[in-house]
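Take a look at the letters that make up each chain.
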Amino acid sequence: MWLRIGCEIEFDEGAPAPFILMLRPRSGRQQWIARESYTLVPSVPVVEYTDAYGNLCQRLISPPGRFVIRTSADVLTEDNLEVTPEAPFVPVQDLPDDVLTFLLPSRYCESDQFIDMGREIVGEAPPGYAQVERIVTWIRERFIYNPDAAHFQWSAADFNHQSEGVCRDFAHMGIALCRGLCIPARMVVGYLHNLKPMDFHAWFEAYVGGRWYTFDPTQTEPRGGRVTVAYGRDAADVAIFNQFGPALIPTRMDITVEQLPGAPT
């Protein structure tokens, strides 16, 4: 599936402000970036670096007044998610070194508080993919997905006492429960085709059977048409922008995802 993704974020600032942006998707096993544009109005110097999780980050100082960030990309991505119920649990001693960090509790995913709860949820499910599926089903049945829910930047422990939440809350809960079972899990932020209402979206990946698999408790069935922008331990690692100094709220943010009839020419 070829997708054209786009993002336009506008700020109105009273003074220069340091930013770290995370808006460039990277090519990988599940997606290929064929064409990309990244425009700042007015133009300012930018330094790009790669963070500890392989995400492309852009450092800049925005000018006072109106400042617009505009990105777009044409991306070849998977039509359907791979579903492998028989994918087995990977013992901790056999995990790759770069996966181990996704076993540990983090700011928004207090997995050490979910060990017993996770065991109750998965029951007799075979260790591995089937356990993650059981967790995803439980989250869908336990909470209401409401993109317009009041958002208080809950952690998984906070969200466990709520009845509804946004996509990041569902992802945090899945991550915390997986890690409590010694299944590595990481946060993903990006675009999802036909998401309603359209916005940036969050889901999670779990490491079973020797690879990462995608899971999204907000959707009733596995859906492809995803473009990943960032990976991390939780939402603290995958913010699309971090601004330092007096808090700034975008005056406008427009997200678009369009399916293309074929490869761009």
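Note: the structure precedes this text.
Definitions and cut-offs
Residues numbered from 1 in each chain as written. Predicted model: local features only at pLDDT ≥ 70, side-chain atom pairs only at ≥ 80, totals over all residues. Heavy atoms only, no water. Helix = DSSP H or I, 4+ residues; strand = E, 2+ residues; numbered from the N terminus. Rg over C-alpha atoms; globule rule 2.2 N^0.38 Å. Buried < 20%, exposed > 50% of the residue type's maximum accessible area, 1.4 Å probe, protein only. Areas by Shrake-Rupley, 256 points an atom, 1.4 Å probe, with all protein chains shown as cover. Phe/Tyr/Trp six-rings, centres within 6.5 Å; stacked < 30°, edge-to-face > 60°. Lys NZ or Arg CZ within 6 Å of the ring centre and 35° of its normal. Core = buried A, V, L, I, M, F, W, Y, C linked by side-chain atoms within 4.5 Å. Contact = heavy atoms within 4.5 Å. Axes fitted to C-alpha atoms, helices over the stretch in contact; angles between N-to-C directions. Parallel < 35°, antiparallel > 145°, perpendicular 65-115°, else oblique. Left-handed = near helix turned anticlockwise from the far one by under 90°. Salt bridge = Lys/Arg side-chain N within 4 Å of Asp/Glu carboxyl O. Arc of directions from axis to C-beta.

Engineer: If you had to explain the overall build of the protein chain to someone new, which residues and values would you point to?
Structural biologist: Scanning the protein chain from terminus to terminus reveals 4 helices and 14 strands. Relative to a compact globule of 265 residues, whose C-alpha radius of gyration would be 18 Å, the protein chain shows 19 Å and is just as compact. Across the 265 residues in the protein chain, those meeting the buried criterion constitute 52%. Accessible surface, the protein chain as shown: approximately 12300 Å² in total, 52% of it carbon and sulfur.

Engineer: Talk me through the packing of aromatic side chains; I want residue IDs and the actual numbers.
Structural biologist: Tallied over the entire structure, the rule returns 17 aromatic pairs. The rings of W138, F143, Y145, W154, F159 and F170 are connected pair by pair, giving a single aromatic cluster. Over the aromatic face of Y213 sits the side chain of R211, whose NZ or CZ is 4.0 Å from the ring centroid. Sitting above the plane of the W203 ring, R226 keeps its charged end 4.8 Å from the centroid.

Engineer: Residues and numbers for the nonpolar core, please.
Structural biologist: Among the nonpolar cores identified, the biggest contains 65 residues, and L23, V132, I135, C178, Y191, F204 and F215 are the most heavily contacted of them. At 8 residues, helix α4 (residues 167-180) tops the list of elements feeding residues into this core. Those residues in contact with V132 that lie beyond four places of it in its chain are C178, I183, F204, A206 and F215. Among the nonpolar cores identified, the runner-up in size contains 7 residues, and V90, V99, F102 and Y207 belong to it.

Engineer: Outline the packing of helix α2 (residues 129-142) against α4, listing residues and values.
Structural biologist: Where α2 meets α4, the axes come as close as 10 Å, and the angle between the chain directions of the two elements is 140°. With respect to α4, the element α2 is oriented oblique. Between α2 and α4 the crossing geometry is right-handed. Facing α2, whose interface residues are V132, I135, W138 and I139, α4 presents F170, M173, G174, L177 and C178.

Engineer: How would you sum up the environment of T251? Please name residues and give values.
Structural biologist: In this structure, T251 sits in the loop between β13 (241-243) and β14 (252-259). Ignoring sequence-local partners within four residues, the contact set of T251 consists of E10, F11 and D12.

Engineer: I'd love a proper account of the pattern of salt bridges, names of residues and values included.
Structural biologist: On inspection of all chains with the given rule, the structure shows 14 salt bridges. Between E205 and R186 there is a salt bridge, with the nearest N and O atoms lying 2.7 Å from each other. Of this pair, E205 sits in strand β10 (residues 201-208) while R186 sits in strand β9 (residues 185-192), and the two are 19 residues apart along the sequence. We classify R186 as buried; its relative accessible area is 12%. Between D254 and R252 there is a salt bridge, with its nearest N and O atoms 2.8 Å apart. Exposure remark for R252: the relative accessible area of 26% places this residue in the partly exposed category. Connected through shared salt-bridge partners, E8, E10, R66, R70, R252 and D254 make up one network.

Engineer: Tell me what's going on with helix α1 (residues 115-122), and back it up with residues and numbers.
Structural biologist: Residues of α1 that are buried: G118, I121 and V122. Buried residues of α1, seen end-on, are gathered within an arc of 85° and therefore sit on one face of the element. Facing away from the buried surface of α1 by more than 90 degrees, the exposed residues are D116, R119 and E120. Looking at the buried residues of α1, the elements they touch are α2 and α4. Phi for G123, located one or two positions after α1, is positive at around 55°.

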